[in-house]
Amino acid sequence: ARVWSENARRPDRPGIRVRQAAMDIIIDGYNVLHTINPGDISRDELEGKRQALVEEIISFTASTGDEAIIVFDSGKAESPERLTIPRTAVTVWYY
């Protein structure tokens, strides 16, 4: 989904406004974690690493106006759990 905003300004041309699209971003949380943390992540570290990633994505979406869905799909969850983080554009799914 794209949402258009007329409020974006062009820094090279003051007073000129342009349309800027917000995007829905879907993130494979475990793939990102294992990419930025090569090697094994211990069980003790896992929750902290997931939370740090979620916080980074919250910060990113706050600055861009985008919406993000982060999916952590270990296959070990008994049933899918959806966590909508209040006052953010981020939703987290655990599968």
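The structure contained in this document is the topic of the report that follows. These numbers come from a predicted model, not from an experiment. Here, residues in each chain are numbered from 1, in the same order as that chain's written sequence. Owing to the predicted nature of the model, reporting of local features is limited to residues with pLDDT of at least 70; listing and counting of side-chain atom pairs is limited to 80 or more, with chain, interface and lining totals taken over all residues. Heavy atoms from the whole structure form the basis of all side-chain values; hydrogens and water molecules are not counted.

**Looking at the environment of Thr-35**
Stated precisely, the cut-off is as follows: For helices the rule is a DSSP run of H or I covering at least 4 residues; for strands it is a run of E covering at least 2, with both sets numbered from the N terminus onward. Residue burial is assigned from relative accessible area. The probe radius is 1.4 Å, only protein chains are included, and a residue is buried under 20% of its type maximum, exposed over 50%, and partly exposed in between. Pairs of N or O atoms are called polar contacts if they sit within 3.5 Å, as long as, within protein, a hydrogen donor faces a hydrogen acceptor (for residues adjacent in sequence, only side-chain-to-side-chain pairs).
Within the secondary structure, Thr-35 is located in helix α1 (residues 29-36). Taking the relative accessible area as the measure of exposure, Thr-35 reaches 61% and is therefore exposed. At a separation of 2.7 Å, a polar atom in the side chain of Thr-35 contacts the main-chain carbonyl oxygen of Asn-31.

**Considering the packing of aromatic side chains**
We count it as follows: Any two rings among Phe, Tyr and Trp, with Trp reduced to its six-membered ring, count as a pair given centres within 6.5 Å; such a pair is stacked if its planes are under 30 degrees apart, edge-to-face if over 60, and tilted if neither.
By the definition in use, this model includes three aromatic pairs. When the centroid spacing of 5.1 Å and the interplanar angle of 65° are considered together, the rings of Tyr-30 and Phe-72 count as edge-to-face. Separated by 42 residues along the polypeptide, Tyr-30 in helix α1 and Phe-72 in strand β4 (residues 67-72) bring together distant segments of the chain. With respect to burial, Tyr-30 and Phe-72 carry one shared label: buried. Taken together, a centroid distance of 5.6 Å and an interplanar angle of 15° make the contact between Phe-72 and Tyr-94 stacked. Here Phe-72, found in strand β4, pairs with Tyr-94, found in strand β6 (residues 90-94); they are 22 residues apart in sequence, far enough to count as distant. By relative accessible area, which is 1% here, Phe-72 ends up buried. Cluster of aromatic residues (ring-pair linked, three or more members): Tyr-30, Phe-72 and Tyr-94.

**Describing the packing of α1 against helix α2 (residues 43-64)**
Operational definition: All axes are obtained by fitting lines to C-alpha atoms, using only the stretch in contact for helices, and the reported angles, taken between N-to-C directions, cover 0 to 180 degrees. For classification purposes, an angle smaller than 35 degrees is called roughly parallel, one larger than 145 roughly antiparallel, one from 65 to 115 roughly perpendicular, and anything else oblique. The contact criterion used throughout is that any non-hydrogen atoms of two residues lie within 4.5 Å. Each residue receives one of three labels: charged for Asp, Glu, Lys and Arg, nonpolar for Ala, Val, Leu, Ile, Met, Phe, Trp, Tyr, Cys and Pro, and polar for the others, Gly being one of them.
Remark: α1 packs on α2, axes separated minimally by 11 Å, with the N-to-C direction vectors making an angle of 105°. Accordingly, the angle class assigned to the pair α1 and α2 is roughly perpendicular. Here Gly-29, Tyr-30, Val-32 and Leu-33 of α1 come into contact with α2, specifically with Leu-46, Lys-49, Arg-50 and Leu-53. Among the residues making up the contact of α1 with α2, the classes are represented as five nonpolar, one polar and two charged.

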